[in-house]
Amino acid sequence: MCQGGYDREVSCNSEDRRQNSCAWNPRWGRPYVIEQLSQDDCREGQSWGWDGRSRIWVDRGCRARFGAR
């Protein structure tokens, strides 16, 4: 599940600990975790990442709100 807002934030969830991806506007810059919403860790490169273009991916139960740097 993905949710986007107008204030350069995206929520992205790994449902059932499966990989998921959410749209990210590359004009916003590099994403970072604003708030972890899951009990499972959200660690960049392990349970979440950015393709450098237009997608954030989450995995292993990571559920978080992402913002722009």
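Notes on the structure in this doc start here. (Residues numbered from 1 in each chain as written. Predicted model: local features only at pLDDT ≥ 70, side-chain atom pairs only at ≥ 80, totals over all residues. Heavy atoms only, no water.)

This part covers the overall build of the chain. A count of helices and strands for the chain gives zero helices and seven strands. Reading the secondary structure of the chain in the N-to-C direction produces β-β-β-β-β-β-β. Against the compact-globule benchmark of 11 Å for 69 residues, the chain has a radius of gyration of 10 Å, which places it among compact chains. Taken over the C-alpha atoms alone, the chain extends approximately 30 × 20 × 20 Å along its principal axes. Among the 69 residues that make up the chain, the fraction classed as buried is 32%. (Helix = DSSP H or I, 4+ residues; strand = E, 2+ residues; numbered from the N terminus. Rg over C-alpha atoms; globule rule 2.2 N^0.38 Å. Buried < 20%, exposed > 50% of the residue type's maximum accessible area, 1.4 Å probe, protein only.)

As for its placement among the helices and strands, E35 is situated in strand 4 (residues 31–36). Overall, E35 belongs to the partly exposed group, its relative accessible area being 37%. A sequence separation of 28 residues divides E35 from R63, and the C-alpha atoms of the two residues are 8.9 Å apart. Aside from chain neighbours lying at most four places away, what touches E35 is A64 and R65. (Contact = heavy atoms within 4.5 Å.)

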